[in-house]
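# A structural walkthrough
Here is how the chains run, residue by residue.
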Amino acid sequence: MRKNIAQYSAPGPFLAMLLFAWMLLFISVASAQEPVPAFSPAADAFDAKRAWEHLITQCNFGPRVAGERGHRLCRDYIVEQLKSNGCTVELQEFSAFIPLINDERRFTNIIAKIDTPSTQAVAISCHWDTRPIADYDRIPSLRDTPISGANDGASGVAVLLEAARVFKHHPPPFDVYLLFFDAEDLGRNRQKKEWALGSQYFAKHMPDDFQIICGFNLDMIGDKDQRFLYEKKSLELAGKWTRAFWRLGQRHYPQCFSDATINEIVDDHAPFLAKGVPYFDVIDFDYDAWHTTQDIPASCSAASLSRIGKITVEYVMQTLPQLCEKVENP
Ligand SMILES: [Zn+2]
């Protein structure tokens, strides 16, 4: 048997090399037919390292829970970063009683605007607060611990801050609102109205001049194992804008954007949809560390921030102008 095997496998290396050469040829022909699309210079300028540093800085402040030191430090940091990139910044303050912590607290929405000669605007949002309890932690004794919120809080902020820097060097075709909502993550389970308080407040007191083509919210976008599914309400009520974002995402990162849909999620896009403003949610809800003490930088990656950052910038710079042209010149 041994001899037979030796005789049989003798031509193996040659065949393997032939097969390998054939595969190489096939791959190069296939990739020549479908080149990886290039990003615009603006999207290319999105710097993964800078975004990652924003994420780490926020986590180092400690939990961003209203009334606590980390919350104050983070608010000042976001404002300073936005101003240094030429945004106008307004603080919208409000108070609310929070059943989850049985206390009233003072909150701050941070509203930044990048002005352009355009009369149209788009909004990009995130939440900057973090959940005061790790209620889904595997270890029961840790469930009262505030989470670090590397993904659930810091990731969206990190992308928006780096996008602000990019837009300073590559002026967008529309005015851009960058909205940082407070008090997103203070709800009790099954109490829908207790979540997304910052965006609820903003939508309720929306200034008359806040007119947007559409908006989108980035939440939990930094998971190192990143994959986005459509959120049901976004697809139903802002389908055109949502699909265009996914198409762009699928073109550049097919492995990260699925055609599947998840159920409605209560998030910061919802108060806008309730007012008839097209607004979609970009959220990767399949995150093992969700509302646990493991929502730390090690569960996230700079590459994930970079992917969604580049898509965000490209959507504003390239996709939206095309969509708007189609609306104006059907
Ligand atoms: Zn959360």
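Residues numbered from 1 in each chain as written. Predicted model: local features only at pLDDT ≥ 70, side-chain atom pairs only at ≥ 80, totals over all residues. Heavy atoms only, no water.

## A short note on the pattern of salt bridges
Here the structure, examined in full by the defined rule, presents 12 salt bridges. A salt bridge links Lys113 to Asp115; its shortest N-O distance comes to 3.4 Å. In this structure, Lys233 and Glu236 form a salt bridge, with 3.4 Å as the shortest nitrogen-oxygen distance. Remark: Glu236 and Lys233 occur in helix H8 (residues 232-237); sequence separation between them is 3 residues, near one turn of the helix. With a relative accessible area of 48%, Glu236 lands in the partly exposed category. One salt-bridge network, held together by shared partners, links Lys113, Asp115 and Asp175. (Salt bridge = Lys/Arg side-chain N within 4 Å of Asp/Glu carboxyl O. Helix = DSSP H or I, 4+ residues; strand = E, 2+ residues; numbered from the N terminus. Buried < 20%, exposed > 50% of the residue type's maximum accessible area, 1.4 Å probe, protein only.)

## Quick notes on the coordination of the zinc ion
Those donors, Asp152 (OD), Asp185 (OD), Asp185 (OD) and His291 (NE2), are the protein atoms that reach the zinc ion, and they lie 1.9 to 2.5 Å from it. Around the zinc ion, the 4 donor atoms are arranged such that angles at the metal cover 56 to 145°; this shape is classified as irregular. Along the chain, the residues that donate to the zinc ion are spaced as D-x32-D-x105-H. Residue Asp185 is located in the loop between strand E4 (175-181) and helix H7 (197-204), and its partner His291 is located in the loop between strand E8 (279-283) and helix H11 (302-328); the two are separated by 106 residues in the primary sequence. In terms of burial, Asp185 and His291 fall into one category: buried. (Donors = N, O, S within 2.8 Å, 3.2 Å for Na, K, Ca; no water. Tetrahedral: all angles 85-135°; square planar, octahedral: opposite > 155°, others 65-115°.)

## Looking at H7
Listed in full, the buried residues belonging to H7 are Leu197, Gly198, Ser199, Phe202 and Ala203. At its buried positions, H7 is contacted by strand E1 (88-98), strand E2 (103-114), E4 and helix H10 (270-274). (Contact = heavy atoms within 4.5 Å.)

## A short note on the packing of aromatic side chains
The geometry of an aromatic ring pair is captured by the separation of the ring centres together with the interplanar angle, meaning the angle of the planes. Using the criterion set out here, one finds 24 aromatic pairs in the structure. Measuring from ring centre to ring centre gives 5.2 Å for Tyr136 and Trp290, while their planes differ by 40°; the resulting arrangement is tilted. Remark: Trp290 occurs in the loop between E8 and H11 and Tyr136 occurs in the loop between strand E3 (121-127) and helix H6 (150-169); sequence separation between them is 154 residues. (Phe/Tyr/Trp six-rings, centres within 6.5 Å; stacked < 30°, edge-to-face > 60°.)

## Some remarks on the layout of surface pockets
In this structure, the largest pocket spans a volume of roughly 400 Å³. Partitioned by chemical class, the residues of the lining of the largest pocket number 9 nonpolar, 4 polar and 9 charged. (1 Å grid on protein atoms, 1.4 Å probe; cavity = no way out; pocket = protein on both sides within 12 Å on 5 of 7 lines; lining within 4 Å. Points joined across faces, edges and corners; volume = space filled by probe spheres on them. Nonpolar A, V, L, I, M, F, W, Y, C, P; charged D, E, K, R; others polar.)

## A few points about the environment of Pro63
Along the chain, the position of Pro63 falls in the loop between helix H4 (48-61) and helix H5 (69-84). Pro63 gets classed as partly exposed once you look at its relative accessible area, which sits at 27%. Placed 83 residues apart in sequence, Pro63 and Pro146 show a C-alpha to C-alpha distance of 6.3 Å. If we ignore the near neighbours within four places in the chain, the residues touching Pro63 are Gly70, His71, Thr130, Pro146 and Ile147.

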